[in-house]
Amino acid sequence: MAKLDRSLLIAGNWKMNKTVNEAKELAEELVKGSNIIRASTAVLCPPFTVLGAVASVIESTVYRLGAQNVFWEDSGAFTGEVSPPMLRAVGCQYVIVGHSERRQYFGETDASVNRKIKAALHSGLTPIVCVGETLQEREDGKTHDVIKKQINGVLEGLTDEAVRSLIVAYEPVWAIGTGMTAEPEDADEVHAYIRELVNIAYSPDVSQNLTILYGGSVNESNAETLLYMNNIDGALIGGASLKPESFLQVISTAESIVA
Ligand code: PEP
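What comes next is a walk through the structure. (Residues numbered from 1 in each chain as written. Predicted model: local features only at pLDDT ≥ 70, side-chain atom pairs only at ≥ 80, totals over all residues. Heavy atoms only, no water.)

**What to know about the site of the ligand**
- Contacts to the ligand come from 14 residues, most closely from Lys15, Glu171, Gly177, Ser217 and Gly238.
- One of the side-chain N or O atoms of His99 is found 2.9 Å from an oxygen atom in the ligand.
- Within the backbone of Gly239, an N or O atom sits 2.8 Å from an oxygen atom of the ligand.
- Starting from 290 Å² of accessible surface for the ligand in isolation, the protein chains cover 96%.
- The residue inventory of the shell around the ligand, partitioned by class, reads four nonpolar, eight polar and two charged. (Near = heavy atom within 4 Å. Polar contact = N/O pair within 3.5 Å; in protein donor to acceptor, adjacent residues only side chain to side chain. Areas by Shrake-Rupley, 256 points an atom, 1.4 Å probe, with all protein chains shown as cover. Nonpolar A, V, L, I, M, F, W, Y, C, P; charged D, E, K, R; others polar.)

Here you go:
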């Protein structure tokens, strides 16, 4: 059961890279190439410190802005955190939540990701919710168990309407930043499984309309075969999103698939 419409979304996760000037330069390069973007959606997720600068560069272009993390309270004594209304005010429409690096280094859990999703949705942000297994878990044949636990955990208590308003990103941890990409068929199989879980917990309609991105060393050389898969609705790209020509090439590939 694949997604009903074949629009593709390509999101760039800049991670902890780019000072203000560097970020503006990268965004300007991306804007120069943006006339290729017609049917697909392109989202840039720079660090908090450059969201405003990137927002100014991409204003009146087709690019959309996203953040890499968010806290679940709107304001208050939470030193170092950034809230959903703050992200909205700077121009964000999207926010990545539960990235494996945040789970690994900053103690994020399915429960905290669940709170962040609810808060993001409440403020009108579209969460890009990351799930994925480690190499050990894959080798132990536990991929489905891990994905099931994560999907059920992060979606806990969410209504049909809420799940319709979010995006899932399947990012096998072993493929992130390693140059190792999942075989397109293997990635597609996990995407289909995520869709099946959502079908069981919600409905065929919610499941068939769910956007599921693949992430893990996607670049201009491997994007085509991945994006052609029925259950893959786009890509979340780290390393290659810092190279304008690579990111634009992936978008161009997406455009040729949806055209
Ligand atoms: C990511 O950070 O979400 C990611 C997929 O990184 P990379 O493309 O570098 O593997």
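On we go from here.
**Observations regarding unusual backbone geometry**
- The residue Lys15 is not glycine, and still its phi comes out positive at about 50°.
- With a phi angle near 90°, Lys18 is a residue other than glycine that sits in the positive phi range.
- Positionally, Lys18 belongs in the loop between strand 1 (9-13) and helix 1 (20-32).
- Residue classification places Lys18 among the partly exposed residues on the basis of a relative accessible area of 29%. (Helix = DSSP H or I, 4+ residues; strand = E, 2+ residues; numbered from the N terminus. Buried < 20%, exposed > 50% of the residue type's maximum accessible area, 1.4 Å probe, protein only.)

**A look at the pattern of salt bridges**
- Scanning the model with the defined rule gives eight salt bridges in all.
- For Asp110, the salt bridge goes to Arg103, with nearest N and O atoms at 2.6 Å.
- Put simply, Lys116 and Glu108 hold a salt bridge, and the shortest N to O gap is 2.5 Å.
- Look at Lys116 and you get buried, because its relative accessible area is 5%.
- Among the ionic contacts, a cluster of salt bridges with common partners joins Arg102, Glu108 and Lys116. (Salt bridge = Lys/Arg side-chain N within 4 Å of Asp/Glu carboxyl O.)

**Considerations on the packing of aromatic side chains**
- Applying the stated criterion to the full structure yields four aromatic pairs.
- An aromatic cluster is defined as three or more aromatic residues linked by ring pairs; in this entry it consists of Phe71, Trp72 and Phe78. (Phe/Tyr/Trp six-rings, centres within 6.5 Å; stacked < 30°, edge-to-face > 60°.)

**What about the sheet that holds strand 3 (residues 64-67)?**
- Reading around the barrel, the eight strands line up as 1-2-3-4-5-6-7-8 and close back on themselves, with parallel pairing between neighbours. Strand-to-strand, the axes of this sheet are offset by a mean angle of 25°, without reference to chain direction.
- Where strand 6 (residues 167-170) lies against strand 7 (residues 211-215), four bridges are found, and the strand directions are parallel. The residue of strand 7 that forms the bridge with Ile167 is Thr211.
- Contacts from helix 7 (residues 143-154) reach strand 5 (126-131) and strand 6 within the one sheet, and its direction differs from that of strand 5 by about 150°.
- Packing of helix 12 (residues 244-258) onto the sheet brings it into contact with strand 1, strand 2 (41-45) and strand 8 (234-237), and relative to strand 1 it is tilted by some 165°. (Pairing = 2+ DSSP bridges. Axes fitted to C-alpha atoms, helices over the stretch in contact; angles between N-to-C directions. Contact = heavy atoms within 4.5 Å.)

**Structural notes on the environment of Ala169**
- Its place among the elements puts Ala169 in strand 6.
- Linking Ala169 and Leu197, residues 28 residues apart in sequence, is a C-alpha distance of 14 Å.
- With residues up to four places along the chain from it excluded, the contact list for Ala169 reads Ile128, Val129, Cys130, Val131, Leu213 and Leu236.

**Here we look at the nonpolar core**
- Residues Ile194 and Leu227 are the most contacted members of the largest nonpolar core, which totals 72 residues.
- Tallying contributions element by element places helix 12 first for this core, with seven residues.
- Every residue in contact with Leu227, bar those within four places of it in the chain, is listed here: Arg6, Leu8, Ile10, Ile232, Gly234, Ala235, Val250, Thr253, Ala254 and Ile257.
- Membership of the second largest hydrophobic core comes to 12 residues, among which are Ala11, Val43, Ala169 and Leu213. (Core = buried A, V, L, I, M, F, W, Y, C linked by side-chain atoms within 4.5 Å.)

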